[in-house]
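Coordinates in review
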Amino acid sequence: MARLLQLSDLHVVSPGSLASGVLDTGAILRRAIDQLANKLDALGPLDGVLVTGDVSDDGSHESYVVARAELDRLGLPLLVVPGNHDDRAAFHAGFSDLPAMPASGLIDWLQEVGDTFVIGLDTLVEGKGGGVLRRESLAFLSVALSEAGSRPTVVALHHPPLRTGIRFMDAIGLENASALWPILDEAGGSVTVVAGHVHGIYQRRIGRHLVATAPSICSAFALDIRTDAPVGFFTGPTGCALIDTGPEGVWSAIPLETGEGPFPF
Ligand SMILES: [Fe+2]
């Protein structure tokens, strides 16, 4: 089994800036890492930290330096996939030393953590909010799943293959989510698909498989499915998640802070 802390949507900006003019996301991440560092004993042995995208808000090199310094304070191996706010080149530069990171191009990777296959997929379309799984990433997934066989498997991507009902988020979802279904169907075991992007906790099943989205480290979106729902974010509740791939493994949300809003983007 593997136990991974899942952090998502850090939205770090270059020092001196605020995300959306409101959030000091560097300071928010620092507080979150402080809280998590204090919880490490309580959470039990962990095998790594899996970050499901939007490490940066502005794509600046400086933001990755800040995020990396904070993430490294947990002293755990890092696994990272990019989100729509990330800049692929700056992301590569910020995490090029991680064993699973490809040297260039799409950030699709496979990392074995104990007996668990962890597969990262790149859904970033630079300049767009929505995401897509390209043919190369789908082929990569298919090969990785056949290698995994019946072993515990986690698939990590930023844009979740689910719709929350929040219109402004569903409008920038995973464009070809249904391309995942036939590939997951062929998996030898049940797969846990973990994502971020929607800044909240949502789950769905796809056959034998579970899709779960982690809360964001820095902000939240209200579940409001009305057509005239305000478009914006709240400063909380924030949190992260714990993925346990053992035979009785549980995907658990870990609350960090409650908050205020809505603030416009
Ligand atoms: Fe985000």
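Scroll up for the structure.
Residues numbered from 1 in each chain as written. Predicted model: local features only at pLDDT ≥ 70, side-chain atom pairs only at ≥ 80, totals over all residues. Heavy atoms only, no water.

**Some remarks on the sheet that holds strand β1 (residues 3-7)**
Spatially, the five strands line up as an open sheet ordered β3-β2-β1-β10-β11, and their pairing is mixed. Unpaired on one side and paired on the other, β3 (78-81) and β11 (251-257) mark the two borders of the sheet. Across this sheet, the average inter-strand angle for adjacent strands is 25 degrees, counted without regard to direction. Pairing of β1 with strand β10 (residues 238-244), which is carried by four bridges, proceeds in the antiparallel orientation. Bridge assignment links Leu 5 to a residue of β10, and that residue is Leu 242. (Pairing = 2+ DSSP bridges. Helix = DSSP H or I, 4+ residues; strand = E, 2+ residues; numbered from the N terminus. Axes fitted to C-alpha atoms, helices over the stretch in contact; angles between N-to-C directions.)

**Section: the coordination of the iron ion**
At the metal site, the iron ion is ligated by Asp 9 (OD), His 11 (NE2), Asp 54 (OD) and His 199 (NE2), and these contacts range over 2.1 to 2.4 Å. Given four donor atoms and angles of 89 to 177 degrees at the metal, the environment of the iron ion is assigned as irregular. (Donors = N, O, S within 2.8 Å, 3.2 Å for Na, K, Ca; no water. Tetrahedral: all angles 85-135°; square planar, octahedral: opposite > 155°, others 65-115°.)

**Some points on the packing of aromatic side chains**
Counted according to the given criterion, the structure contains eight aromatic pairs. Pairing Phe 91 with Phe 95 gives two aromatic rings, centres 5.0 Å apart and planes at 55 degrees, and the pair type is tilted. One end of the pair is Phe 91 and the other is Phe 95, both in helix α3 (residues 88-95) and four residues apart, which spans about a single turn. Per residue, the accessibility class of Phe 91 equals that of Phe 95, and both read buried. An aromatic cluster is present here, built from Phe 168, Phe 221, Phe 233, Phe 263 and Phe 265 joined pairwise through their rings. (Phe/Tyr/Trp six-rings, centres within 6.5 Å; stacked < 30°, edge-to-face > 60°. Buried < 20%, exposed > 50% of the residue type's maximum accessible area, 1.4 Å probe, protein only.)

**Section: the sheet that holds strand β7 (residues 191-195)**
On the basis of which strands lie adjacent, the open sheet formed by six strands has the order β4-β5-β6-β7-β9-β8 and mixed pairing. What marks the edges here is a single partner per strand, and that holds for β4 (109-113) and β8 (202-206). Taking the axes of each pair of neighbouring strands and ignoring which way they run, one obtains an average angle of 20 degrees across the sheet. Where β7 meets strand β9 (residues 209-213), four bridges bridge the pair, whose relative direction is parallel. Residue pairing for β9: Ala 195 is matched across the bridge by Thr 213. Across the face of the sheet, helix α4 (residues 135-148) comes into contact with β4, β5 (116-120), β6 (153-156) and β7 while running at roughly 175 degrees to β5. (Contact = heavy atoms within 4.5 Å.)

**Remarks on the packing of helix α2 (residues 61-72) against α3**
Each pair of packed helices can be summarised by the angle the axes make with each other and by the distance between the axes. Remark: α2 packs on α3, axes separated minimally by 9 Å, with the N-to-C direction vectors making an angle of 35 degrees. Note on packing geometry: the crossing formed by α2 with α3 is right-handed. Between α2 and α3, the residues in contact are His 61, Tyr 64 and Arg 68 and Ala 90, Phe 91, Ala 93, Gly 94 and Phe 95, respectively. (Left-handed = near helix turned anticlockwise from the far one by under 90°.)

**A short note on α2**
One turn of the α-helix equals 3.6 residues, which is why residues spaced by three or four share an orientation. Compared with the 16 Å implied by 1.5 Å per residue over twelve residues, the 17 Å span of α2 between its first and last C-alpha is a close match. Within the span of α2, buried status applies to Ser 63, Tyr 64, Ala 67, Arg 68, Glu 70 and Leu 71. One side of α2 carries all its buried residues, which in axial view fall inside an arc of 165 degrees. The outward face of α2, more than 90 degrees from its buried face, is lined by the exposed residues His 61 and Val 65. Where α2 is buried, its residues meet β1, α1 (25-43), β2 (48-52), β3 and α3. (Expected span 1.5 Å × (residues − 1). Arc of directions from axis to C-beta.)

**Some remarks on the nonpolar core**
Core analysis: the biggest nonpolar cluster contains 81 residues, and Leu 5, Leu 7, Leu 10, Leu 50, Val 51, Phe 95 and Ile 217 have the highest contact counts within it. Top element by residues in this core is α1. It accounts for six residues. Excluding residues within four positions of it along the chain, Phe 95 makes contact with Val 55, Tyr 64, Arg 68, Leu 78, Val 80 and Met 101. (Core = buried A, V, L, I, M, F, W, Y, C linked by side-chain atoms within 4.5 Å.)

**Some remarks on the pattern of salt bridges**
Per the counting criterion, the structure on display carries eleven salt bridges. Where Glu 126 meets Arg 88, a salt bridge forms, and the shortest distance between an N and an O atom there is 3.7 Å. One end of the pair, Glu 126, is in the loop between β5 and α4; the other, Arg 88, is in helix α3, and 38 residues separate them in sequence. The exposure class assigned to Glu 126 is partly exposed, which follows from its relative accessible area of 43%. Overall, the relative accessible area of 13% leaves Arg 88 in the buried class. Linking Arg 226 and Asp 224 is a salt bridge whose minimum nitrogen-to-oxygen distance equals 2.7 Å. Residues joined by salt bridges that share partners form a network here, namely Arg 30, Asp 34, Glu 70 and Arg 73. (Salt bridge = Lys/Arg side-chain N within 4 Å of Asp/Glu carboxyl O.)

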